[in-house]
Amino acid sequence: MKNALLKRTAILTISAILLAFAFLVNALFFVTKYAGQLIDQRAFDGALLGQRSVAPMTLGLLDALPITGVAIALVASIVIVIVRRNWWVFLVAMGAAVTANIFTQLFKHVLLDRPDLDVPGYAFNSLPSGHTALAASSVLVVFLVSSQQTRPIVATVGAFFTAIVGISTLANQWHRPSDVVAALLVVAFFGCVAGLVVIRSRFVSEAPERDLLSRALVFLSLPCAAIALATLLISAFEAFAYIGAAAGVATCALLLAAAANHAFRFIR
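None of the values given here were measured: they were computed from a predicted structure.

(A) Layout of the packing of helix α1 (residues 2-32) against helix α8 (residues 177-202). Across the interface, α1 lies against α8 with an axial gap of 9 Å and an inter-helix angle of 160°. Relative to α8, the element α1 lies roughly antiparallel. Here the hand of the crossing between α1 and α8 comes out left-handed. A breakdown of the residues in the contact of α1 with α8 according to their chemical character gives 17 nonpolar, six polar and two charged.

This is the structure in structure tokens:
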């Protein structure tokens, strides 16, 4: 039991470190390097394709998200907490979600600066995406308070919801691809921190068998990753860069959801 607890604690700690490192690499490359800014900007410019397709449908979703997303997550979380009586987990989850959104705004408006490297379409820093962070953190709260058996379902639905919101911000040219990925990494980091806070009081020696939904998430991420990598080679064409960016966002959301299921398997 003790060795298993230490192992899971180590997994969450290492995951948090890797997520922080990934965020740093993402921010340094896409915000402060010419090549990163160029790739980001081409995908941003290629989002005109999205504006002609998904943007008209998603603009209303993005406008309603700050209120409806949080409200739905809060109601669902409270219902689950009343049934499961895990108020401590709920408080930790809310703390992680609020902190993730605070850091998102600090990174975007205070800590990060986007230098002008003569990339056409240069604009101020927009990393990380506030809308994506809000969507992902709302899912995080529901995920953390859910039971071991239902977390895979929450993670799967949440991955698709968050990916749709993130891609929608690209389609509406509100954010660059790296902004969305950065927001996912920030929320995932604080999810690991929340896990480290609750694991000692909520750890169990047995966990449900490895769920098929997590395997499905990994399986679905493979073609998305292939599209993202393939289009990176032809990112000079803005439409392809946008498609690759959307695929990259989906890949990140799916893999993080699958990883969360694995990391929290032993937390009731």
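(B) Just the nonpolar core, in detail. Counting residues in each nonpolar core, the largest one holds 57 residues, and the members touching the most others are Phe-23, Leu-144 and Phe-264. At 13 residues, α8 tops the list of elements feeding residues into this core. If sequence neighbours within four positions are ignored, Phe-23 has contacts with Phe-107, Leu-127, Pro-128, Ala-182, Leu-185 and Val-186. Counting nine residues, the second-largest nonpolar core is a separate cluster that includes Ala-43, Ala-47, Tyr-242 and Val-249.

(C) Representation of the environment of Phe-107 in the model. Inspection of the secondary structure assignment puts Phe-107 in helix α5 (residues 87-111). Residue Phe-107 is classed as buried on the basis of its relative accessible area of 18%. Each C-alpha atom, one on Phe-107 and one on Ala-96, is 16 Å from the other, the two residues being eleven residues apart in sequence.

(D) Structural detail: the environment of Phe-189. Secondary-structure assignment places Phe-189 in helix α8. Linking Phe-189 and Ala-228, residues 39 residues apart in sequence, is a C-alpha distance of 23 Å.

(E) Highlighting a nonpolar patch on the surface. A contiguous nonpolar patch, built from Val-98, Ile-102, Phe-103, Leu-106, Val-110 and Leu-111 and spanning about 520 Å² of accessible area, is present on the exposed surface. Within the fold, Leu-106 resides in helix α5.

(F) Geometry of the packing of α5 against α8. Two elements in contact, α5 and α8, have axes whose closest approach is 9 Å; the angle formed by their N-to-C orientations is 155°. Here α8 runs roughly antiparallel to α5, going by the angle between their axes. Our pair here, α5 against α8, has a crossing hand that is right-handed. Along the contact surface, α5 presents Trp-88, Val-89, Val-92, Ala-96, Thr-99, Ala-100, Phe-103, Thr-104 and Phe-107, while α8 presents Val-186, Val-187, Phe-190, Ala-194, Val-197, Val-198, Ser-201 and Arg-202. Here the residues of the contact of α5 with α8 sort into 13 nonpolar, three polar and one charged.

(G) Region of interest: helix α2 (residues 34-46). Counted at 1.5 Å a residue, the expected span for α2 with its 13 residues is 18 Å, and the 18 Å between its end C-alpha atoms agrees. Looking at α2, one finds that the buried residues are Gly-36, Gln-37, Leu-38, Asp-40, Gln-41, Ala-43 and Gly-46.

(H) Region of interest: unusual backbone geometry. In this structure, Pro-128 follows Leu-127 across a cis peptide bond, with omega equal to 0°. Summarising the element assignment, Pro-128 is placed in the loop between α5 and α6 (130-145).

(I) Summary view of the side chain of Thr-132. Along the polypeptide, Thr-132 turns up in helix α6. Using a relative accessible area of 0% as the deciding quantity, one classes Thr-132 as buried. Of the polar contacts made by the side chain of Thr-132, one reaches the side chain of Ser-129; its length is 2.9 Å. The contact partners of Thr-132, leaving out residues within four places of it in the chain, are Thr-162, Val-165, Gly-166, Thr-169, Val-180, Ala-183 and Leu-184.

Basis of the calculations
Residues numbered from 1 in each chain as written. Predicted model: local features only at pLDDT ≥ 70, side-chain atom pairs only at ≥ 80, totals over all residues. Heavy atoms only, no water. Axes fitted to C-alpha atoms, helices over the stretch in contact; angles between N-to-C directions. Helix = DSSP H or I, 4+ residues; strand = E, 2+ residues; numbered from the N terminus. Parallel < 35°, antiparallel > 145°, perpendicular 65-115°, else oblique. Left-handed = near helix turned anticlockwise from the far one by under 90°. Nonpolar A, V, L, I, M, F, W, Y, C, P; charged D, E, K, R; others polar. Core = buried A, V, L, I, M, F, W, Y, C linked by side-chain atoms within 4.5 Å. Buried < 20%, exposed > 50% of the residue type's maximum accessible area, 1.4 Å probe, protein only. Contact = heavy atoms within 4.5 Å. Patch = residues over 30% accessible without salt bridge, like charges linked within 9 Å, V, L, I, M, F, W, Y side chains within 5 Å. Areas by Shrake-Rupley, 256 points an atom, 1.4 Å probe, with all protein chains shown as cover. Salt bridge = Lys/Arg side-chain N within 4 Å of Asp/Glu carboxyl O. Expected span 1.5 Å × (residues − 1). Polar contact = N/O pair within 3.5 Å; in protein donor to acceptor, adjacent residues only side chain to side chain.

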